[in-house]
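Breakdown of the fold
Listed here are the chains, written in short residue letters.
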There are 2 protein chains.
Amino acid sequence: MPHRTVFFVSDGTGITAETFGNSILAQFPTQPRHVRRPFIDSIEKARQVVDEINRTFEREGKRPIVFATLVNEAVRDTLQADDCKGLVMDMFRTFVEPLEAEFGVKSNHRVGRFSDVSKSHEYTERIEAINFALAHDDGQSARNLDIADVILVGVSRSGKTPTSLYLAMQHGIKAANYPLIPEDFERNELPSSLAPYKPKCFGLTIDPARLAQIRHERRPGSRYAALENCRQEVRDAEAMMRRAGIPWLSSTHKSIEEIATTILRDIQPERLVY
Amino acid sequence: MPHRTVFFVSDGTGITAETFGNSILAQFPTQPRHVRRPFIDSIEKARQVVDEINRTFEREGKRPIVFATLVNEAVRDTLQADDCKGLVMDMFRTFVEPLEAEFGVKSNHRVGRFSDVSKSHEYTERIEAINFALAHDDGQSARNLDIADVILVGVSRSGKTPTSLYLAMQHGIKAANYPLIPEDFERNELPSSLAPYKPKCFGLTIDPARLAQIRHERRPGSRYAALENCRQEVRDAEAMMRRAGIPWLSSTHKSIEEIATTILRDIQPERLVY
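Here, residues in each chain are numbered from 1, in the same order as that chain's written sequence. The order in which chains are written sets their letters, starting at A; the order in which ligands are written sets their numbers, starting at 1. Local features in this predicted model are restricted to residues whose pLDDT is 70 or higher, and side-chain atom pairs enter the listing and the counts only when it is 80 or higher, whereas totals over whole chains, interfaces and linings include all residues. Hydrogens and water are ignored here; the side-chain numbers use all heavy atoms of the structure.

Our working rule: UniProt positions are given in the numbering used here, feature names are shortened, and annotations may be inferred rather than shown by experiment.
If you look chain A up in an unreviewed UniProt entry, it shows as Putative phosphoenolpyruvate synthase regulatory protein from Rubrivivax albus. Taken verbatim from the UniProt record of chain A, the Function (unreviewed entry) comment is "Bifunctional serine/threonine kinase and phosphorylase involved in the regulation of the phosphoenolpyruvate synthase (PEPS) by catalyzing its phosphorylation/dephosphorylation." Annotation of chain A in UniProt includes, under Sequence similarities (unreviewed entry), the sentence "Belongs to the pyruvate, phosphate/water dikinase regulatory protein family. PSRP subfamily."

This is how it looks when you write it as structure tokens:
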């Protein structure tokens, strides 16, 4: 496929434009060059972006693709002026207009998810959830587990930490994480501090060969990373989760997003019902 | 505004549907009930969602709004069947088809951003970046600062940690963070370990009153949290960053997303040029 440039143009951060644009582009076997143009909140700035799009078109001989999330109509019109050589995918115009008809009200042209974060309850919850995940990483603290929405369990390096941070950052979910270690397997029961909270426990497991590879990067040649040891730990952890009736999944071939989504679907924390 | 239910329906995690849907809904003064239906990858599952949408319509007397990211056409057609009572916003059909025409190729109907994460270079980089942020949080380690993409500096609780985790999670950017502490202000210069890396340093500052509030939640009544102390630290930190020629912004009214976007725009780490 020929070389292409993709612009993400937004009056806010452009995260929405980029997330959405990337999932559309993933449908094609193309590796376009990305150009991000956030905070385009005036006609003048939009005009500069159009000039840049047109220069790109002249240079490459191919229409740049433009994913736009622009709330202000005058700014939007500037980007979609007749002389703009880009193929503009306007995500707002396409979907906001039918909703205005359905709701019977005009949209309020608000830019961004949080107009002023210092006043947003939802935002404060996300930051608190990130702090909670950091304070309860790797079984550091058994305090406040009662206010956790989710407690992730699994052997060391099975993916608990990134998953709990993602749950916090994306969903404002307070996720503690608790490693299952050889001492737990010897005692043959869940860490006692988890016992009262079994309904919000969720397990992560991982293919032993992949685990050994990840651990080798951290501590090359250690017993901790040895394949035989990884096999034993994974086997013991899975047996323990099965006995305790804790739902679990394998993180081996899953992204953090997929793991987090599955956990939320299965645990259904109360906080998410909003 | 009357009560509404919004469905996010996806054959993957639904993160794209939800991110995009929320930014559209933010244009309206509505607080709809959210229903997430991820992993809808068969006609049968789609049919169940349609039944659920229709029951919701019967109960509420208002059309549910449906944000859909479904790659498979048969699944998509099921959701958009004539008997579906929802207002379906089909994000794929709307934008993929014009791109097929522009590129002159058919889309490959790939579900999700990562088809198998264990093989994805981009995904591995994100996980490595998260581990890097954790290992280099709060000036814990001055090792490997040479491989950092960004080094965030600022007084304690100015927003460095969530920002560095977000940069890692969303963009795969390796961000270290380094607190500016009273000892640095007494010596009147940047921590020496940062000196070689000034071009990738970025400062965060914060309104002293807001800082005092945040610190009081952590350590109520401490000198650390006292407004006068916060004022002094912020004043000293801003003076130091100005003298060192480090770009900085105030996190007081900005979300993590906005802070991260501004940093990337200003620092332009090489890693982002892909």
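Now that the structure has been shown, the text picks up again.
**Concerning the packing of aromatic side chains**
So the rule is basically this: Between 30 and 60 degrees the pair is tilted, below 30 it is stacked and above 60 it is edge-to-face, where a pair is any two Phe, Tyr or Trp rings, Trp via its six-membered ring, whose centres lie within 6.5 Å. Elements are defined by DSSP. Helices are runs of H or I of four residues or more, strands are runs of E of two residues or more, and each kind is numbered from the N terminus. The buried label goes to any residue with under 20% of its type's maximum accessible area, the exposed label to any with over 50%, and the partly exposed label to all in between, with areas taken from a 1.4 Å probe on protein chains only. Only Lys NZ and Arg CZ are tested; either one counts as a charge over a ring when it is within 6 Å of the ring centre and within 35 degrees of the ring normal.
Summed over the entire model, instances satisfying the criterion amount to 5 aromatic pairs over all chains. For the pair Phe103 of chain A and Phe28 of chain B, a centre-to-centre distance of 5.0 Å together with 75° between the ring planes defines the contact as edge-to-face. Here Phe103 of chain A is found in helix 4 (residues 91-103), whereas its partner Phe28 of chain B is found in the loop between helix 1 (15-25) and strand 2 (33-37) on a different chain. Across the pair, exposure class does not vary: Phe103 of chain A and Phe28 of chain B are buried alike. Between Arg219 of chain A and the ring centre of Tyr224 of chain A, over which it is positioned, the NZ or CZ distance is 4.2 Å.

**Structural notes on the interface of chain A and chain B**
Here is the rule: Note on definitions: a residue-residue contact is assigned when non-hydrogen atoms from the two residues lie within 4.5 Å. Note: buried area is the sum, over both parts, of the accessible area (probe 1.4 Å) each one loses when the two are combined. What counts as a salt bridge is simple: a side-chain nitrogen of Lys or Arg found within 4 Å of a carboxyl oxygen of Asp or Glu.
Contacts between chain A and chain B engage 78 residues on the former and 78 residues on the latter. Buried area between chain A and chain B, summed over both chains or domains, comes out near 7200 Å², and the portion from carbon and sulfur atoms is 66%. Of all residues in chain A, Gln27, Phe95 and Phe103 of chain A give up the largest surface area on contact with chain B, accounting jointly for 10% of the area buried on that side. If you look at where chain A meets chain B, you find 6 salt bridges. Ionic pairing is found between Arg4 of chain A and Glu102 of chain B, a salt bridge with its closest N-O pair at 2.9 Å.

**With respect to the domain arrangement of chain A**
We apply this condition: Marked domain ranges trace back to an automatic or database domain assignment.
Under the domain assignment used here, chain A contains domain 1 (5-103) and domain 2 (119-272). With centres defined by C-alpha atoms, the gap from domain 1 of chain A to domain 2 of chain A works out at 39 Å.

**Structural notes on the confidence of the model for chain A**
As a reminder, the rule being used: pLDDT runs from 0 to 100 and stands for how confident the predictor is about each residue.
For chain A, mean pLDDT is 88; residues scoring 70 or higher make up 94% of the total. Taken element by element, the predicted model of chain A shows its lowest mean pLDDT in helix 1 (residues 15-25) of chain A (80) and its highest in strand 7 (residues 201-205) of chain A (97).

**Topic: the UniProt feature "binding site: ADP" (unreviewed entry) in chain A**
All names here are of chain A. As a reminder, the rule being used: Throughout this description, a polar contact denotes any pair of N or O atoms lying within 3.5 Å of each other; where both atoms belong to protein, one of them has to be capable of donating a hydrogen while the other can accept it, and for residues adjacent in sequence the pair is counted only when both atoms sit in side chains.
According to UniProt, the positions carrying the feature "binding site: ADP" (unreviewed entry) are Gly154, Val155, Ser156, Arg157, Ser158, Gly159, Lys160 and Thr161. Summarising the element assignment, Val155 is placed in the loop between strand 5 (150-154) and helix 6 (160-171). If we ignore the near neighbours within four places in the chain, the residues touching Val155 are Lys160, Leu180, Phe185, Leu204, Ile206, Leu211, Arg215, Glu233, Val234 and Ala237. Positionally, Lys160 belongs in helix 6. Those residues in contact with Lys160 that lie beyond four places of it in its chain are Leu152, Val153, Gly154, Val155, Asn177, Tyr178, Pro179 and Leu204. Among the polar contacts made by the side chain of Lys160, one reaches the main-chain carbonyl oxygen of Gly154 at a distance of 3.3 Å.

**Thoughts on helix 1 of chain B**
Most of helix 1 of chain B is tucked away, with 9 of its 11 residues classed as buried. Listed in full, the buried residues belonging to helix 1 of chain B are Ile15, Thr16, Ala17, Glu18, Phe20, Gly21, Ser23, Ile24 and Leu25 of chain B.

**Observations concerning the sheet that holds strand 6 (residues 175-179) of chain B**
Residues and elements named next belong to chain B. In plain terms, the rule: Two strands pair under a simple rule: DSSP has to find at least two bridges between them. Where helices are involved, their axes are fitted lines through C-alpha atoms of the stretch in contact, as for all axes, and angles between N-to-C directions lie from 0 to 180°.
Read from one edge to the other, the open sheet built from 4 strands follows the order 6-5-7-8, with strand pairing classed as parallel. The open sheet has two free edges, formed respectively by strand 6 and strand 8 (248-250), since each of these has just one partner strand. In this sheet, neighbouring strand axes are inclined to one another by 25° on average, regardless of whether the strands run parallel or antiparallel.

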